[in-house]
Amino acid sequence: MTPLAPGAKIGILGGGQLGRMIALAAARLGFGVHVFAPEEAPPAAIAAKHYRASYQDEAALKRFAEGVDLITYEMEHLPTDSLRDLAESALFRPSLRSLETARHRLREKEFLSALGIPTAPFFALGAGRLDAGRDIPRSFRFPAIVKNCLGGYDGRGQRVARDRGEIVGALSDLGEGEALIEERVSFRREISVLAARGADGDFRAYDVVENCHRDGILRESRVPARIGLAVAARAKRWTRRIAETLDHIGVLGVEFFLCDGDSDSDGEGALFVNEIAPRVHNSGHWTMDACAVGQFEQHLRAIAGWPLAEPVRFADVRMVNLLGDDVESWRDFAARRGVCLHLYGKEPARAGRKMGHMTALYPLSSGGSGGSGGSLGGRGG
Ligand code: ATP
Ligand code: MG
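Given the structure is predicted, the values throughout are model-derived calculations rather than measurements.

Caption draft 1: Layout of the packing of helix α2 (residues 58-66) against helix α3 (residues 80-89). Between α2 and α3, the least distance of the axes is 10 Å, while the angle of their chain directions is 30 degrees. Relative to α3, α2 is oriented roughly parallel. Our pair here, α2 against α3, has a crossing hand that is right-handed. Here E58, L61, K62 and A65 of α2 come into contact with α3, specifically with S82, L83, D85 and L86. A class-by-class count of the residues in the contact of α2 with α3 yields four nonpolar, one polar and three charged.

Caption draft 2: Fine view of the coordination of the magnesium ion (ligand 2). Every protein donor of the magnesium ion (ligand 2) is accounted for by E255 (OE), E255 (OE) and E275 (OE), and the metal-donor separations fall at 2.0 to 2.7 Å. One end of the pair, E255, is in strand β13 (residues 250-259); the other, E275, is in strand β14 (residues 270-277), and 20 residues separate them in sequence. Given the relative accessible area of 22%, E275 is considered partly exposed.

Caption draft 3: Inspection of the environment of F296 at higher detail. Take F296: it is sitting in helix α9 (residues 295-303). Of the residues examined, F296 reaches a relative accessible area of 1% and is grouped as buried. Considered as a pair, F296 and Y73 are 223 residues apart in the sequence and their alpha carbons are 12 Å apart. Look past the residues within four positions of F296 in its chain and what remains in contact with it is L18, M21, I22, A25, V280, H285 and M288.

Caption draft 4: Focus on the site of ligand 1. Of all residues adjacent to ligand 1, which total 20 residues, the nearest are K147, G155, E182, E190 and E275. Measuring from an oxygen atom of ligand 1, one finds a backbone N or O atom of Y153 at 3.4 Å. At a separation of 2.8 Å, an oxygen atom of ligand 1 approaches a polar backbone atom of D154. Alone, ligand 1 offers 620 Å² of accessible surface; in the complex the protein occludes 90% of this. Residue composition of the shell around ligand 1, by class: five nonpolar, six polar and nine charged.

Caption draft 5: Layout of the packing of aromatic side chains. Enumeration according to the criterion identifies nine aromatic pairs in this entry. Geometrically, the ring pair formed by F36 and Y55 is tilted, given 5.9 Å between the ring centres and 35 degrees between the ring planes. One end of the pair, F36, is in strand β2 (residues 32-36); the other, Y55, is in the loop between β3 (49-51) and α2, with 19 residues separating them in the sequence. Ring centres of W238 and F256 lie 6.4 Å apart, and the angle between their planes is 35 degrees; this geometry places the pair in the tilted category. Placement of the pair is W238 in helix α7 (residues 229-246) and F256 in strand β13, with a sequence separation of 18 residues. Accessibility expressed as a relative area gives 7% for W238, which makes it buried. Under the relative-accessibility criterion, F256 is labelled buried at 0%. Every member of this aromatic cluster is reached through a ring pair, and the members are F36, Y51, Y55 and F64.

Analysis parameters
- Residues numbered from 1 in each chain as written.
- Chains lettered and ligands numbered in written order.
- Predicted model: local features only at pLDDT ≥ 70, side-chain atom pairs only at ≥ 80, totals over all residues.
- Heavy atoms only, no water.
- Axes fitted to C-alpha atoms, helices over the stretch in contact; angles between N-to-C directions.
- Helix = DSSP H or I, 4+ residues; strand = E, 2+ residues; numbered from the N terminus.
- Parallel < 35°, antiparallel > 145°, perpendicular 65-115°, else oblique.
- Left-handed = near helix turned anticlockwise from the far one by under 90°.
- Contact = heavy atoms within 4.5 Å.
- Nonpolar A, V, L, I, M, F, W, Y, C, P; charged D, E, K, R; others polar.
- Donors = N, O, S within 2.8 Å, 3.2 Å for Na, K, Ca; no water.
- Buried < 20%, exposed > 50% of the residue type's maximum accessible area, 1.4 Å probe, protein only.
- Near = heavy atom within 4 Å.
- Polar contact = N/O pair within 3.5 Å; in protein donor to acceptor, adjacent residues only side chain to side chain.
- Areas by Shrake-Rupley, 256 points an atom, 1.4 Å probe, with all protein chains shown as cover.
- Phe/Tyr/Trp six-rings, centres within 6.5 Å; stacked < 30°, edge-to-face > 60°.

And the structure:
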């Protein structure tokens, strides 16, 4: 494909903060941006044009597609059926295959298993909900987590089942739709890899990120992650295998659990994939401030057929999400030295809602990818 020239228009499906930051990066590269989102004034509506319609509205989607040169998306909770025509008639990146695989937890886990990439042991909970879980093998260990296959984010659509007897109750809490149950992993660290694959197959990964979630919501990310070099290399290798198998074009994020155990010969622990995000990801926000290229620009480079940039990191970082009324302290954050503040223009500041984030920068402690040293302990943000 000939690369999209500046001046071309990029359409973004989804109006959240990820779309907003894609739009900002697109503007910097000289692209025009159109956003498709059902909300009245979504964060991404800083773009030249906002198409306000439902994601099911195929006529509106068609009009949107006609006005742009390329379509991408900032979230995976999209009705893929109504996007099929769009994906066939327009340049649609990452492909529907990436989207369909990652948005559905069961399909995602089966995809990983087929690749030989370990996940937490899981079991599909089919339609017969009243006797759900009866067929779960004895070897399956509780406590476990019942998860909806579609639509979950920030830990929503999940319930803990302490034993077999709690599965039916968890399912009725979660409502209709397909679900699965997976063992609750006792992990030592949560990490993620952000990477991009270009239209020519070039692959570039950022340094591995260490994440801290509370109540299912990402609170904090830090780089370098406190992990060994072999684990970092393994996580990047698996991310590459995922991207290549999907023929993914664009940025993707892969979340992992790192557990004690000697299942891998390097002795650095056992790694499991939690989930795949076929898009830019919250745990990659620090790249904008600490790297030669941020994830949003890298995503645009990939989908527009530009060469990928080298994702070199210039600083150690700690990225903190501002949830709910955290954002009211924006004056304090703005006054901190070495802190980059990003606000999403959202209202109202409901509890747990992602309102912004800040990235604290520190001198680089290790140059190599996924360095093992460099604890950031004691360095307040
Ligand atoms: P996201 O906002 O990343 O899309 P999500 O709603 O898709 O989140 P998950 O990533 O499945 O949810 O879970 C959110 C968090 O809950 C995880 O990052 C992890 O901290 C915890 N968690 C989820 N599944 C498990 C598990 N099987 N074992 C242990 N902890 C888990
Ligand atoms: Mg997650």
